[in-house]
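Chain by chain, the residues run as shown.
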Amino acid sequence: MRYDVSLIYVYYNTPNELNKSFDSISQASKGLSVQIIIVNNNSPKKLPSRLRGKNITIINNSQNMGFGKGCNQGAKVAEGNILLFINPDTVLKKQAINILLTFIKQKKKIGLLSPRMVDSSDRVLPTISKRIRLPDALIIYSFLDKLFKNNITSKNFWMVETDRTKTQYVDVVSGACLMVKKSVFDRLGGFDERFFMYFEEHDLCVRALKIGYRNVYYPKAEIVHL
């Protein structure tokens, strides 16, 4: 494998955002060899033409296969020992990939690794959580959460009181920017493709925990998630 990291996008209807994300890769990976893989899920909005002419691996699906399956397709052609799954609507900040890569290489039992994420106004996003349980889900993902905005169940699940300036082990990290060793991803069997979109990273994180890996929130690396 000849790349330091294989960066995998699943693309659907976000040409402007993908352009911005692509332009941020160089500042985030100085000195690294990065393989870029774009899985085009039959997007009605075509892939930006400027990207089609570059040395990028592009997988064109004849239909929208979903996020998890798209990620798995990208992972199968990845030539790097480290995978970075990243949403097109993200902008990588300076040295973000270098920082994540250095950390994950130093730790043997790391499962999934994710950076600090902020929105376009520099507000920290709630990208870490506890593992979900059915009784809690009935509150967290229902109208009850909106009726009772400060309910203790949701606050605990989203780890509201957690200091997001500190590196820490967590149950679940966001799939918007997710680094994992290819060997670990393969051992986990990739994303469960029964999840078309949403919760696939939650499932992957929980499966990693169950076989002894530890998922990490690492705020020394940062991205903007639009």
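Conventions and cut-offs
- Residues numbered from 1 in each chain as written.
- Predicted model: local features only at pLDDT ≥ 70, side-chain atom pairs only at ≥ 80, totals over all residues.
- Heavy atoms only, no water.
- Helix = DSSP H or I, 4+ residues; strand = E, 2+ residues; numbered from the N terminus.
- Contact = heavy atoms within 4.5 Å.
- Core = buried A, V, L, I, M, F, W, Y, C linked by side-chain atoms within 4.5 Å.
- Buried < 20%, exposed > 50% of the residue type's maximum accessible area, 1.4 Å probe, protein only.
- Salt bridge = Lys/Arg side-chain N within 4 Å of Asp/Glu carboxyl O.
- Pairing = 2+ DSSP bridges.

Regarding the environment of G190
By the secondary structure assignment, G190 is in the loop between α8 (182-188) and α9 (200-210). The spacing of G190 and D145 is 45 residues in sequence and 31 Å in space, taken between C-alpha atoms. The contact partners of G190, leaving out residues within four places of it in the chain, are N72, F185, L204 and R207.

So, the nonpolar core
With 35 residues, the main nonpolar core has L7, I38, L92, L113 and M179 as its most contacted residues. Contributions of two or more residues to this core are made by β1 (5-11), α1 (15-28), β2 (34-40), β4 (82-86), α4 (96-106), β6 (110-118), β10 (177-181) and β11 (214-225). With six residues, the top contributor of residues to this core is α4. Ignoring any residue separated from it by four or fewer positions in sequence, one finds M179 in contact with V5, I82, L83, L84, I97, L100, L101, I104, G111, L112 and L113.

Re the pattern of salt bridges
Under the defined criterion, the tally for this structure stands at 10 salt bridges. The salt bridge involving K155 is made with E161; its shortest N-O contact spans 3.8 Å. On the basis of relative accessibility, which here comes to 28%, the residue K155 falls in the partly exposed class. When its relative accessible area of 68% is taken as the criterion, E161 is described as exposed. A salt bridge links D192 to R194; its shortest N-O distance comes to 2.7 Å. Taking relative accessible area as the criterion, D192 reaches 17% and is therefore assigned buried. Overall, R194 belongs to the exposed group, its relative accessible area being 74%. Each member of the salt-bridge network shares a partner with another, and the members are K93, R116, D122 and E222.

What to know about the side chain of S114
With respect to the helices, strands and loops of the structure, S114 is situated in strand β6. By relative accessible area, which is 1% here, S114 ends up buried. Sequence-distant contacts of S114, that is, excluding residues within four places in its chain, are made with L100, V173, S174, C177, V216, Y217 and Y218.

Looking at the pairing of β6
Across the nine residues of β6, nine count as buried, placing the element largely inside the fold. One ladder, built from seven bridges, connects β6 with β11; its direction is parallel. Within the sheet, the bridge partner assigned to R116 lies in β11 and is E222.

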